[in-house]
Amino acid sequence: MIRPKVTFPRSPSIPVTDSAIHEALMNVPRHRFVPKQYADLAYADTALPIGYSQTISQPYMVAVMTQLLCVNVHAKVLEVGTGSGYQAAILAQLAQHVFSTELIPELAARAFRCLRGIDCRRVRVRHTDGSAGWPEQAPFDRIILTCAAPAVPEPLWAQLRPGGRMVAPIGEDLGTQRLVLLCKGIDSSRIEKDIMAVQFVPLIEQGLGQQP
Ligand code: SAH
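Residues numbered from 1 in each chain as written. Predicted model: local features only at pLDDT ≥ 70, side-chain atom pairs only at ≥ 80, totals over all residues. Heavy atoms only, no water.

Novice: Can you walk me through helix 3 (residues 86-94) in this structure?
Specialist: One full turn of an α-helix is made of 3.6 residues, so residues set three or four places apart face in the same direction. A large share of helix 3 lies buried, amounting to 8 of its 9 residues. If you check which residues of helix 3 are buried, you get Tyr86, Gln87, Ala88, Ala89, Ile90, Leu91, Ala92 and Leu94. (Buried < 20%, exposed > 50% of the residue type's maximum accessible area, 1.4 Å probe, protein only. Helix = DSSP H or I, 4+ residues; strand = E, 2+ residues; numbered from the N terminus.)

The following block contains the structure:
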């Protein structure tokens, strides 16, 4: 099957210059991660509903966040918010070990099936509240949040290896969220860089799960 290429904005605020990321986007069949009724929009540069009031992220945003993370093959990566599994599949093109957490059990199960369906074996999916991280697998070299938190959950910062990077949408509501890059120094110092305005679904607190 000839797969259409994902489209990007014409004049993006942050250009995606890393060819490995373009290659990863070419390699992962996004149509396998979107609900059937949206298959014709699978390669458009737009977020799409995946049920349970959640969305698969816009491909450009997936690319920008992945680029900011600076993933290499040896990196151990933690994702908070598996959703469809698409971002995890992109990360797995670049890194050998991807650990992804999802609060909604149905989404975690579906993402796992989609990932195995494309023979992606580098991703482990866990149904859990991702704001607690994945303590048994810590520390992580890279951490990515794909849902917006009011602030970086402390356990995630603690589970980031010194020298590591974290990318997260931070903010309480859609109008004020910012994408933030956090770098942890080898002395565990914290440097935060504000990247751009974004709109992500919120990080859900356990026990307040959404209905389909
Ligand atoms: N990375 C996803 C985007 C998913 S949207 C993709 O590529 O499709 C964000 C996801 O975060 C949703 O699936 C939502 O259920 C999940 N989420 C929200 N709060 C969470 C929490 N506390 N722990 C883990 N996942 C959470």
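Structure shown, so let's carry the discussion forward.
Novice: Teacher, can you tell me more about the pairing of strand 8 (residues 178-184) here?
Specialist: Within a regular beta strand, the side chains point alternately toward one face of the sheet and then the other, so they alternate between its two faces. Here strand 8 lies mainly inside the structure; 5 of its 7 residues are buried. By the bridge criterion, 6 bridges tie strand 7 (residues 160-170) to strand 8 in an arrangement that is antiparallel. Residue pairing across strands places Pro169 opposite Leu179, the latter belonging to strand 8. In terms of strand pairing, strand 8 meets strand 9 (residues 190-197) through 7 bridges, oriented antiparallel. If you follow Val180 over to strand 9, its bridge partner there is Asp194. Adjacent in sequence and paired antiparallel, strand 8 and strand 9 are bridged by 5 residues, among which Ser188 carries a positive phi angle near 70 degrees. (Pairing = 2+ DSSP bridges.)

Novice: What am I meant to see in the sheet that holds strand 9 here?
Specialist: With mixed pairing, 7 strands are arranged side by side in an open sheet as 5-4-3-6-7-8-9. This sheet does not close on itself; its edge strands, each paired only once, are strand 5 (123-127) and strand 9. Across the sheet, the axes of successive neighbouring strands diverge by a mean angle of 15 degrees, strand direction being ignored. Pairing of strand 6 (residues 140-145) with strand 7, which is carried by 4 bridges, proceeds in the parallel orientation. Paired with Arg142 across the strands is Arg165, a residue of strand 7. Set on the sheet, helix 3 makes contact with strand 3 (76-80), strand 4 (97-102), strand 5 and strand 6; between it and strand 4 the angle comes to about 170 degrees. (Axes fitted to C-alpha atoms, helices over the stretch in contact; angles between N-to-C directions. Contact = heavy atoms within 4.5 Å.)

Novice: What is the right way to look at the packing of helix 1 (residues 19-27) against helix 3 in this model?
Specialist: A pair of packed helices is captured by two measures, namely the crossing angle of their axes and the spacing between those axes. Where helix 1 contacts helix 3, the two axes come as close as 9 Å, and the packing angle between them is 125 degrees. On the basis of their axis angle, the class for helix 1 and helix 3 is oblique. As helix 1 runs across helix 3, the sense of the crossing is right-handed. Across from Ala20, Ile21, Ala24, Leu25 and Asn27 in helix 1, the residues of helix 3 making contact are Tyr86, Ile90, Gln93 and Leu94. When grouped by side-chain class, the residues that make up the contact of helix 1 with helix 3 number 7 nonpolar, 2 polar and no charged. (Parallel < 35°, antiparallel > 145°, perpendicular 65-115°, else oblique. Left-handed = near helix turned anticlockwise from the far one by under 90°. Nonpolar A, V, L, I, M, F, W, Y, C, P; charged D, E, K, R; others polar.)

Novice: Even after reading the chapter, I still don't get the site of the ligand, so can you show me in this structure?
Specialist: Around the ligand lies a shell of 25 residues, among which Ser84, Glu102, Asp129, Gly130 and Ile204 are the nearest. Here an oxygen atom of the ligand and a backbone polar atom of Gln87 are 3.0 Å apart. In this structure, Thr146 approaches the ligand through a side-chain N or O atom, which is 3.2 Å from a nitrogen atom. Summarising the interface, the protein chains cover 100% of the accessible area of the ligand, which totals 580 Å² for the free molecule. A majority-of-atoms criterion places the ligand in the largest pocket. Going through the elements one at a time, strand 2 (54-56), helix 3 and strand 4 are the ones with two or more residues in the shell around the ligand. Within the shell around the ligand, the residues separate by chemical class into 10 nonpolar, 12 polar and 3 charged. (Near = heavy atom within 4 Å. Polar contact = N/O pair within 3.5 Å; in protein donor to acceptor, adjacent residues only side chain to side chain. Areas by Shrake-Rupley, 256 points an atom, 1.4 Å probe, with all protein chains shown as cover. 1 Å grid on protein atoms, 1.4 Å probe; cavity = no way out; pocket = protein on both sides within 12 Å on 5 of 7 lines; lining within 4 Å. Sits in = over half its atoms within 2 Å of the grid points.)

Novice: Just to check I follow, could you spell out helix 1 for this structure?
Specialist: Residues Ile21, Ala24 and Leu25 constitute the buried set of helix 1. All buried residues of helix 1 fall inside an arc of 100 degrees around its axis, so they share one side. Residues of helix 1 that are exposed and angled more than 90 degrees away from the buried face: Ser19 and Glu23. Between a side-chain oxygen at the N-terminus of helix 1 and the backbone nitrogen of Ala20 the separation is 2.9 Å; the capping residue is Asp18. (Arc of directions from axis to C-beta.)

Novice: Just checking my understanding: could you explain the environment of Gln96 for this structure?
Specialist: Its place among the elements puts Gln96 in the loop between helix 3 and strand 4. Given the relative accessible area of 37%, Gln96 is considered partly exposed. In this structure the C-alpha to C-alpha distance between Gln96 and Asp141, which are 45 residues apart in sequence, comes to 12 Å. Excluding its chain neighbours within four sequence positions, the residues that come into contact with Gln96 are Val73, Ala75 and Arg122.

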